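# Structural description and commentary
Here is what each chain is made of, one letter per residue.
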Amino acid sequence: MKQSKKINHTSKKNKLSYKTVFIDWNGTLSGSKFWGHLEKTDPKMFSTIENTLFGQLRGLLKPWMKGEIQSEDVIRRISDKSKLAYSDVFDEFIHSCMNMEFVSKDVPGLIKKLQKNGSKVVVATDNMDSFTRWTKRYLKIDDLFDDVLNSHYLGGMKKDVDKDGKSIFFSEYLKKNNLKPGESILVDDSSDDIQTIESFGIKYEHIEPVKGFVPALNRILASY
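Residues numbered from 1 in each chain as written. Predicted model: local features only at pLDDT ≥ 70, side-chain atom pairs only at ≥ 80, totals over all residues. Heavy atoms only, no water.

## Some details on the sheet that holds strand β5 (residues 202-206)
- Pairing in this open sheet of five strands is parallel, and the strands run β3-β2-β1-β4-β5 from one edge to the other. The open sheet terminates on both sides in strands that have one partner only, identified here as β3 (147-150) and β5. On average, adjacent strands in this sheet sit at an angle of 25° to one another, irrespective of strand direction.
- Alignment of strand β2 (residues 120-125) against β3, held across four bridges, turns out to be parallel. From the neighbouring strand, V123 faces β3, where its bridge partner is V148.
- Across the sheet, helix α7 (residues 129-138) touches β2 and β3, and the angle it forms with β3 is around 150°.
- Strands β1 (20-23), β4 (184-188) and β5 of the sheet are contacted by helix α12 (residues 213-222), whose axis makes an angle of about 160° with β4. (Pairing = 2+ DSSP bridges. Helix = DSSP H or I, 4+ residues; strand = E, 2+ residues; numbered from the N terminus. Axes fitted to C-alpha atoms, helices over the stretch in contact; angles between N-to-C directions. Contact = heavy atoms within 4.5 Å.)

## Section: the layout of surface pockets
- One number sums up the size of the largest pocket: a volume of about 850 Å³.
- Along its surface, the largest pocket is lined by 28 residues, and N26, F54, M65, D126 and M128 are the ones closest to its centre.
- Here the lining of the largest pocket is composed, by residue class, of ten nonpolar, six polar and twelve charged.
- When its volume is computed, the second largest pocket comes out at roughly 190 Å³.
- Lining the second largest pocket are 13 residues; nearest its centre among them are S32, K33, N99, M100 and E101. (1 Å grid on protein atoms, 1.4 Å probe; cavity = no way out; pocket = protein on both sides within 12 Å on 5 of 7 lines; lining within 4 Å. Points joined across faces, edges and corners; volume = space filled by probe spheres on them. Nonpolar A, V, L, I, M, F, W, Y, C, P; charged D, E, K, R; others polar.)

## Concerning the packing of helix α2 (residues 43-56) against helix α4 (residues 71-82)
- Across the interface, α2 lies against α4 with an axial gap of 10 Å and an inter-helix angle of 110°. Relative to α4, α2 is oriented roughly perpendicular. Here α2 contributes T48, I49, T52, L53 and Q56 to the contact with α4, which in turn contributes V74, I78, K81 and S82.
- Per-class residue counts for the contact of α2 with α4 are four nonpolar, four polar and one charged. (Parallel < 35°, antiparallel > 145°, perpendicular 65-115°, else oblique.)

## Considering the pairing of β4
- Along β4, five of the five residues are buried, which leaves the element largely enclosed by surrounding structure.
- Judged by which residues are buried, β4 turns out to be covered on both faces: S184, L186 and D188 on one side and I185 and V187 on the other are all buried.
- Pairing of β4 with β5 involves five bridges; the strand directions are parallel. From the neighbouring strand, D188 faces β5, where its bridge partner is H206.
- The handedness of the β4 to β5 crossover, carried by helix α11 (residues 194-199), is right-handed. (Buried < 20%, exposed > 50% of the residue type's maximum accessible area, 1.4 Å probe, protein only. Right-handed = clockwise from strand over helix to strand, strands pointing away.)

## Focus: α12
- Looking only at α12, the buried set comprises F213, V214, A216, L217, I220 and L221. What you see down the axis of α12 is that its buried residues fit within an arc of 160°, all on one side.
- Buried residues in α12 make contact with β1, α6 (107-116), β4 and β5. (Arc of directions from axis to C-beta.)

## Points about the environment of N117
- If you trace the backbone, N117 turns up in the loop between α6 and β2.
- Put simply, N117 and K105 are twelve residues apart on the chain and 20 Å apart in space, counted from C-alpha to C-alpha.
- Among the polar contacts listed, one links the side chain of N117 to the backbone oxygen of K113, at a separation of 2.8 Å. (Polar contact = N/O pair within 3.5 Å; in protein donor to acceptor, adjacent residues only side chain to side chain.)

This is the structure:
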């Protein structure tokens, strides 16, 4: 009597898949810095700007990322405090925003593979108006990604909630795309917001800054 072949019942439906993959920008998709090119061309100016912004003016960062102030306001304050010419600081700032780079040349191909597998891929960044005004446009972010969520225009950062406990950053996107808990994932290098983000029903893939991004996307792709 012939033995019947064992049938492998493993199917794609048993594998993980995400309708949306959210990806952080700074430290995840990109390791580029504001004024980063000055580290080589004018290290003294770079150091002065860095020490001013992340020292005396550090309190401006969150209001800047929440849309309460604009890049011009911050550059003016840096200029006043550092005694550097406003036009010089501003021009170099725009240059750095326009010339940011992905962490790897493999990034566009990996994003397209995720999309080919049926996922929307969305930049989710606690960032400034500068990202939308210059970086997004000159890197042609809209040509590669399905959407961009920027805290500056949403009025809140990724971990912020409103008076009802809803995410200021993610709620509208989750509702619009009918995303249920477990159907989306955030790839991010920050370890501060994991519990809060997961309370929104978004899985959190915490990575090592810059170096961990490509391996993380390959792990996600392997789970499909």
